[in-house]
Amino acid sequence: MIYENPKITPLHMRIDPDFQGHFIPLRTSQSYETLGELVFGTDRSSKQQLPVYIMSTRMIVTRDRDVTEGQVLIFEAVVRRDYTPRAMLCARCVLVTEDERVILHLPLYRRGPFRILEPSAPQTLLQALQEPKDQLFTCPTLPWEYVTLTPMYEVEAILHRHRTVAKIPSTLAVDVEDITASSQHIHFIQPLLLSEVLAREGPFPLSVEILKVPEERHIFLSPWVRFLKRGRRLCIYGLSSPPWRVLASNKGHREPRYFLVSGAYQGKIWRRPREFPTAYDLLGAFQPGRPLQVVATEDCEGEREENPEFTSLAVGDRLEVLGPGLAHGAQGSDIDVLVCQRLRDEYEEVESPEQVLLPLHCPGSFVEELSYSQWYSLADLIAQFSLPCEVRVMVKDPSYPSDPLTAVLGLQLEEKITEPFLVVSLDSEPRMDFEIPPRWLDLTVVEDEVQPDRPGGSVPIATMEELPDTFYYTLRKLAACEIQDPPPRPPKSQGLSGQRRHSSEKGGVQSSQVLGLQQPPLLPKPKAKTLPEFTKDNSSMCSKIPRHEKGHGPTKPQTQDLDDDEHDYEEILESFQKTI
């Protein structure tokens, strides 16, 4: 909203539509030929008393200031002027300008015509806007004596074949011509973004023409990217299915390559054996209900001085992981172990399977034992195993004759991402199907006037795209930011040491005997085997540090109960007092 002081241009100010002030309309009443008649009329009227607002319909010229036609004066009083050749009665009027108030003395014989502006009932801003244009108002809240109100609008217009919305204020002095009748032959085109096409969810297929291509369009190293130019026609078939994809790279190659593999990929995949440097890594890969068989690739001497049941391993020994467990150590403490079962060849006759206990810090090296004939589809592989995972494509996708994944010996499946893609083909090359992610390649398109027929059938599938390294790492960062929340912390009062005490309190289990398979809430860290445990009381910290013994094996902490530690501390204090 704009309010301005009339005849003082270009002074104007804006007020908000929620303005709380009130406006008093100044309406014109009877016309008078001279100021004397105007004074006589106000004296006889009981409603009109000085000061009043008056307005002349012709220009008034004085020695001090010229008053233009239609300019408002404030008639304050009738005074006698004595400096003239003869005394005369004059009307003392105030002319409000932009920066001052000018006092004018006009003789009563001054001819007009003059009109009195009578104030009406106060109105709110919305009520005042209903008055005719150029209506004068007074408002005590505003700094001017009188103002006019002009509503200000903003017209939004869309340019032909452009997405830009032009905002035209009503204060802009432009000439507008209505050409609707003479422009019936023009088909007004409003462009769309691929993201808007995705949000509409059909109908598909949809024939469009490219109007604008983003500058950063080279997110795929595919031949169809160079065809994305202004004026090209595309056919959009719909949303791709499934919506998830897997990021992959050729592991260990001198020239790295990166791929985005669709969940609809139909190639046959063989999972490469995993390598585990310690028994702790075996425990991390173990999943209940899924057998895990490994082969030892290094000799490992069992620490029989710690536990007689700790088994030595030789290169080629085959084991099946059963799960985590606890075993009694030589010092009476419990040790976290990995419980395995030794596998024998078919020709070897064994009465009962041999159980193997491996401390989690066991430095032996293991490799997973897999069947070479066990191949998976990508969907089955993702459902059964966690990523990252190293694989090899044994049979290429039949819908992709030039599948480059078969030439990659070591393919590392890194991350699984979920993002909607649109299946698209070139109008000039209907057999060239590809998928566009509107999130990163949001083309500006316009619908064709004639849409293709919508035959029934499945949507074409594009199963794999090769990526540049920049976009590959962009997706990796995106996947890292969208991971789930971390798991809750374990209870403070419970842990591996707490589980050991709980197992020892129950009793019934002899020394050097496995306490049973269990699933700990969190896996212990390997470095914890070489570090002392600390209690909340720092004063008893010295009693928790174990002595280091000489030997080739890693040093293990002497884990004791809290009650035993306090009892030892009291014994040391008593013997120290006796010595004194």
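What counts as what
Residues numbered from 1 in each chain as written. Predicted model: local features only at pLDDT ≥ 70, side-chain atom pairs only at ≥ 80, totals over all residues. Heavy atoms only, no water. UniProt positions renumbered as here; feature names shortened; annotations may be inferred. Helix = DSSP H or I, 4+ residues; strand = E, 2+ residues; numbered from the N terminus. Buried < 20%, exposed > 50% of the residue type's maximum accessible area, 1.4 Å probe, protein only. Contact = heavy atoms within 4.5 Å. Areas by Shrake-Rupley, 256 points an atom, 1.4 Å probe, with all protein chains shown as cover. Pairing = 2+ DSSP bridges. Salt bridge = Lys/Arg side-chain N within 4 Å of Asp/Glu carboxyl O. pLDDT = per-residue confidence, 0-100. Axes fitted to C-alpha atoms, helices over the stretch in contact; angles between N-to-C directions. Patch = residues over 30% accessible without salt bridge, like charges linked within 9 Å, V, L, I, M, F, W, Y side chains within 5 Å. Polar contact = N/O pair within 3.5 Å; in protein donor to acceptor, adjacent residues only side chain to side chain. Core = buried A, V, L, I, M, F, W, Y, C linked by side-chain atoms within 4.5 Å. Phe/Tyr/Trp six-rings, centres within 6.5 Å; stacked < 30°, edge-to-face > 60°. Lys NZ or Arg CZ within 6 Å of the ring centre and 35° of its normal.

Looking at an unreviewed UniProt entry, the chain carries the name Thymocyte selection associated family member 2, with the source organism given as Aotus nancymaae. Under the UniProt heading Sequence similarities (unreviewed entry), the entry covering the chain gives this text: "Belongs to the themis family."

Draft legend 1. Representation of the overall build of the chain. On a plain count of helices and strands, the chain comes out with eight helices and 32 strands. Looking at the chain as a whole, 39% of its 580 residues qualify as buried. Within the chain, residue pairs in contact and separated by at least 24 positions form 67% of the contacts whose partners lie at least 6 positions apart. Total accessible area computed for the chain in this model is approximately 35,600 Å², and 51% of it derives from carbon and sulfur atoms.

Draft legend 2. Layout of the sheet that holds strand S29 (residues 433–436). Overall, antiparallel pairing links the six strands, which are arranged S13-S30-S14-S15-S28-S29 in an open sheet. Every other strand in the sheet has two partners, leaving strand S13 (192–193) and S29 as the edge strands with one partner each. Sheet analysis places strand S14 (residues 206–212) next to strand S15 (residues 233–239), joined by four bridges and oriented antiparallel. Looking at S15, one finds that Leu206 is bridged to Ile236.

Draft legend 3. Molecular detail of the pattern of salt bridges. Scanning all chains against the criterion turns up 17 salt bridges. Glu76 serves as the salt-bridge partner of Arg92, at 3.5 Å between the closest nitrogen and oxygen. One end of the pair, Arg92, is in strand S6 (residues 88–96); the other, Glu76, is in strand S5 (residues 72–81), with 16 residues separating them in the sequence. Here Glu209 makes a salt bridge to Arg233, at a shortest N to O gap of 3.8 Å. Taken together, the residues span a long stretch of sequence, with Glu209 in strand S14 and Arg233 in strand S15 at a distance of 24 residues. What makes Arg233 partly exposed here is its relative accessible area of 36%. In this structure, a network of salt bridges that share partners links the residues Glu76, Arg92 and Arg101.

Draft legend 4. Expanded view of the confidence of the model for the chain. Within the chain, residue pLDDT values average 75, and 74% of them lie at 70 or more. In the model, residues 490–580 has pLDDT below 50 throughout and makes 98 contacts with residues more than four positions away in sequence or in other chains.

Draft legend 5. Quick look at the pairing of strand S21 (residues 318–328). Here S21 lies mainly inside the structure; nine of its 11 residues are buried. Bridge count for strand S20 (residues 293–296) against S21 is three bridges, and the pairing is antiparallel. Paired with Gln293 across the bridge in S21 is Glu320. Note: S21 against strand S22 (residues 334–343), 10 bridges, orientation antiparallel. Paired with Leu319 across the bridge in S22 is Arg342.

Draft legend 6. Spatial organisation of the sheet that holds strand S9 (residues 136–138). Strands sit in the order S7-S6-S5-S4-S8-S3-S9 across an open sheet of seven strands; the sheet is antiparallel. On the outer flanks of this sheet lie strand S7 (101–107) and S9, each paired with one strand and no other. Strand-to-strand twist of the sheet, defined as the mean angle between neighbouring strand axes without regard to direction, takes the value 45°. Here seven bridges tie S6 to S7, and the two strands are oriented antiparallel to one another. Pairing of Cys90 across the sheet is with Pro107, part of S7. Helix-sheet contacts for helix H1 (residues 35–44) involve strand S3 (24–34), strand S4 (52–56), S5, S6, S7 and strand S8 (111–119), and the interaxial angle to S3 is about 120°.

Draft legend 7. Inspection of the environment of Ile219 at higher detail. Mapped onto the fold, Ile219 is located in the loop between S14 and S15. Setting aside chain neighbours within four positions, we find Ile219 in contact with Pro437, Trp440, Leu441, Leu467, Pro468 and Phe471.

Draft legend 8. The arrangement of a nonpolar patch on the surface in detail. A cluster of nonpolar side chains, contributed by Val155, Ile168, Leu172, Val174 and Val176, occupies part of the molecular surface with about 450 Å² of accessible area. For Leu172, the location among the structural elements is in the loop between strand S12 (165–169) and S13. The class of Leu172 is partly exposed, set by a relative accessible area of 46%.

Draft legend 9. Spatial organisation of unusual backbone geometry. Here the amide bond leading from Phe204 into Pro205 is cis, since omega sits at 0°, within 30 degrees of zero. For Pro205, the position within the fold is in the loop between helix H3 (194–200) and S14.

Draft legend 10. Molecular detail of the side chain of Gln71. Examined against the element boundaries, Gln71 turns out to sit in the loop between S4 and S5. In terms of polar contacts, Gln71 uses its side chain to reach the side chain of Thr68, at 2.9 Å.

Draft legend 11. Representation of the nonpolar core. Among the nonpolar cores identified, the biggest contains 34 residues, and Phe220, Leu443 and Leu467 are the most heavily contacted of them. Of all the secondary structure elements, the ones that give two or more residues to this core are H3, S14, S15, strand S17 (258–262), strand S28 (422–426), S29 and helix H6 (469–481). Of the residues forming this core, the biggest block, four residues, is contributed by H6. If we skip the residues at most four places from it in the chain, Phe220 touches Val225, Leu260, Phe421, Glu435, Pro437, Glu465, Glu466, Leu467, Pro468 and Phe471. In this structure, Phe276, Ala279, Tyr280 and Leu282 belong to the second largest nonpolar core, which totals 21 residues.

Draft legend 12. View of the environment of Pro363. Along the chain, the position of Pro363 falls in the loop between strand S23 (355–359) and strand S24 (366–368). Owing to a relative accessible area of 56%, Pro363 belongs among the exposed residues under this scheme. Residues within four places of Pro363 in sequence aside, it is in contact with Pro277, Thr278 and Glu298.

Draft legend 13. Layout of the packing of aromatic side chains. One pass over the structure, following the stated rule, counts 10 aromatic pairs. Summarising the aromatic geometry, the rings of Phe19 and Phe23 are spaced 5.7 Å apart at their centres and angled 45° between planes, so their arrangement reads as tilted. Lying across the ring of Trp244, Lys416 places its NZ or CZ 4.8 Å from the centre.

Draft legend 14. How the structure looks around the environment of Ala157. Of note, Ala157 is situated in strand S11 (residues 154–158). Residue classification places Ala157 among the partly exposed positions, given a relative accessible area of 26%. Taking C-alpha positions, Ala157 is 7.7 Å from Ile168, a pair spaced 11 residues apart along the chain. Every residue in contact with Ala157, bar those within four places of it in the chain, is listed here: Thr164, Val165 and Ala166.

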